[in-house]
Amino acid sequence: MQRRTFVTATAATAATLAAPMLRAQTLPNGPVRIIVGFAPGGGTDALARLVGQKLQAMWNLTVVVENRAGASGVIAADMVSKAPPDGNTLLMAHINSHALAPGLMPKLGYVVERDFTPLTLVGVTPNLLISNNDQPAKTVAELVALCKANPGKVTFGSAGQGSAQHLALESFKLAAGVFALHIPYKGSGPMLTDLMGGQIGYSFDTMTAATPHVKSGKVRAIAQTRAKRASGHPTVPTMAESGFPGFEATTWYGLVGPGKMPPAIAQRMNEDINKVLLMPDVKEKLDLYGAEDGGGSAQQFADFIRTEQVKWSKVIKDAKVTIDS
């Protein structure tokens, strides 16, 4: 009897001690890096820092954002695709690296479906057609007229060759029948600096990156590129309302890890990122940035990525866009 009691007590004690260990195995050991493929100050960077701060408090782990700008986010994605799948290295994936690059770069160093573990979609935003305050065109119609009167001279900045902003511009050029000059940068941050300084005139920039400057009056919002107006910019007309029915060019962001991450860690991260996205102060920021429709399962995010790849590969083909265009 005494031996049975001792064995039972020992087993109960072992189970009690093992419980925290089992919970701990659903999180990485050590600090977590969220890699961002653009310079500080852009939309991807802003959302990564917003989510990262909350995950740091939730996980009681150091979570840092690391910027690896270049090739419209592809350099960062390539780096994460080759990182150990232990959960210590994540990527704030972006439409550029996961939906556009596969159609633009035949020699891409990674395969999205094979080399990444989708975690959670963080948000989908319209792009904002913006200008600095000195530009003469204040509506889409006026901008079309300006481009037609000055072919190849009206400048549009983007976060890089083959970026979402670049593809939005190419779509606009096709729809409007105009020729404009594309100026690529290494992210929205440096592009916005030049736009506000007057070095370039216009951009189809991410709403996340552009919103603070629109709200402060440093840049002018002309139109937004989703079918409906974002709640954060209720007075800014859509491109459809401005004479371009069916025009839609969004930017999206989501957290992914390297391929073959342990399922328990991936599931825990999905659940916790969903919790972060529902926090009132986070929702307020997401609404301000126009980032909508975030959250959901990892499988839903994987399906979304595939749908975006199909959509944009057709646009790239129809518009005959190459990485050097």
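Calculation rules
- Residues numbered from 1 in each chain as written.
- Predicted model: local features only at pLDDT ≥ 70, side-chain atom pairs only at ≥ 80, totals over all residues.
- Heavy atoms only, no water.
- Buried < 20%, exposed > 50% of the residue type's maximum accessible area, 1.4 Å probe, protein only.
- Helix = DSSP H or I, 4+ residues; strand = E, 2+ residues; numbered from the N terminus.
- Arc of directions from axis to C-beta.
- Contact = heavy atoms within 4.5 Å.
- 1 Å grid on protein atoms, 1.4 Å probe; cavity = no way out; pocket = protein on both sides within 12 Å on 5 of 7 lines; lining within 4 Å.
- Points joined across faces, edges and corners; volume = space filled by probe spheres on them.
- Nonpolar A, V, L, I, M, F, W, Y, C, P; charged D, E, K, R; others polar.
- Salt bridge = Lys/Arg side-chain N within 4 Å of Asp/Glu carboxyl O.
- Pairing = 2+ DSSP bridges.
- Right-handed = clockwise from strand over helix to strand, strands pointing away.
- Axes fitted to C-alpha atoms, helices over the stretch in contact; angles between N-to-C directions.
- Left-handed = near helix turned anticlockwise from the far one by under 90°.
- Core = buried A, V, L, I, M, F, W, Y, C linked by side-chain atoms within 4.5 Å.
- Phe/Tyr/Trp six-rings, centres within 6.5 Å; stacked < 30°, edge-to-face > 60°.

### Some words on helix α11 (residues 280-289)
For the α-helix, the turn length of 3.6 residues means that residues three or four positions removed from each other point alike. Within α11 the residues assigned to the buried category are V282, L286 and Y289. Projected down its long axis, α11 carries its buried residues within an arc of 65 degrees, all on one side. Opposite the buried face of α11, by more than 90 degrees, sit the exposed residues P280 and E284. On its buried face, α11 sits against α2 (43-59), β4 (116-132), α9 (207-215) and α10 (263-277). Backbone geometry just after α11 places G290 at a positive phi near 80 degrees.

### Quick word on empty space enclosed by the protein
By the definition in use, this model includes three cavities of 30 Å³ or more. For the lining of the largest cavity, the residue count by class is three nonpolar, eight polar and no charged.

### So, the pattern of salt bridges
Counted under the stated rule, the structure contains 14 salt bridges. One salt bridge connects D45 with R49, and the closest N-O pair in it is separated by 3.0 Å. Of this pair, D45 and R49 both sit in helix α2, four residues apart, which is roughly one turn of that helix. One salt bridge connects K275 with D272, and the closest N-O pair in it is separated by 3.7 Å. Of this pair, K275 and D272 both sit in helix α10, three residues apart, which is roughly one turn of the helix. The exposure class of D272 is buried, given its relative accessible area of 3%.

### Overview of the side chain of T125
Take T125: it is sitting in strand β4. Once residues within four sequence positions are removed from consideration, T125 is found in contact with M207, T208, T250, T251, Y253, Y289, G290 and A291.

### Considerations on the pairing of strand β2 (residues 63-67)
The pairing of strand β1 (residues 32-36) with β2 spans five bridges and is parallel. Counted as the bridge partner of I35 is E66 from β2. With α2 bridging β1 and its parallel neighbour β2, the resulting β-α-β unit is right-handed.

### A short note on unusual backbone geometry
A positive phi angle, near 55 degrees, is found at N60, a position not held by glycine. Tracing the backbone shows N60 in the loop between α2 and β2. For N60, a relative accessible area of 71% puts it in the exposed group. Positive phi values are uncommon outside glycine, yet D293 reaches one of about 65 degrees. By the secondary structure assignment, D293 is in the loop between α11 and α12 (298-319).

### Here we look at the side chain of T44
Locating T44 in the fold gives a position in helix α2. Residue T44 is classed as buried on the basis of its relative accessible area, which comes to 5%. With sequence-adjacent residues up to four places away left out, T44 is seen in contact with V36, F38, M92, H94 and Y253.

### A word on the pairing of strand β9 (residues 250-258)
Taking burial as the measure, the nine residues of β9 include nine buried ones, the bulk of the element. For strand β3 (residues 89-94) and β9, the ladder comprises four bridges, and the chain directions are antiparallel. Bridge pairing in β9 places M92 opposite L255. Here β4 runs beside β9; their pairing, made up of nine bridges, is antiparallel. Among the inter-strand pairings, V124 is bridged to a residue of β9, identified as W252.

### Considering the packing of α2 against α10
Axis separation between α2 and α10 bottoms out at 10 Å; the angle between their running directions is 115 degrees. With respect to the hand of their crossing, α2 and α10 are arranged in right-handed fashion. Where α2 approaches α10, its residues V51, K54, L55, M58 and W59 are matched on the opposing element by R268, M269, D272, I273, K275 and V276. Across the contact of α2 with α10, the residue classes break down as seven nonpolar, no polar and four charged.

### Some points on the nonpolar core
Residues L91, L129, V140, L143, F156, F172 and M239 are the most contacted members of the largest nonpolar core, which totals 51 residues. With six residues, helix α7 (residues 164-176) is the single largest residue contributor to this core. Discounting chain neighbours no more than four positions away, the residues touching V140 are L129, F172, I222, A223, M239, S242 and F244. V32, L50, L277 and L286 belong to the second-largest nonpolar core, a separate cluster that totals 32 residues.

### Some words on the packing of aromatic side chains
Going through the model one piece at a time under the given rule, you end up with nine aromatic pairs. Taking the centre distance of 5.5 Å and the plane angle of 50 degrees together, the rings of F172 and F204 count as tilted. With F172 in helix α7 and F204 in strand β7 (residues 202-206), this residue pair connects regions lying 32 residues apart in the sequence. Through a chain of ring-to-ring contacts, the aromatic side chains of F156, F172, Y202, F204, F244 and F247 assemble into a single cluster.

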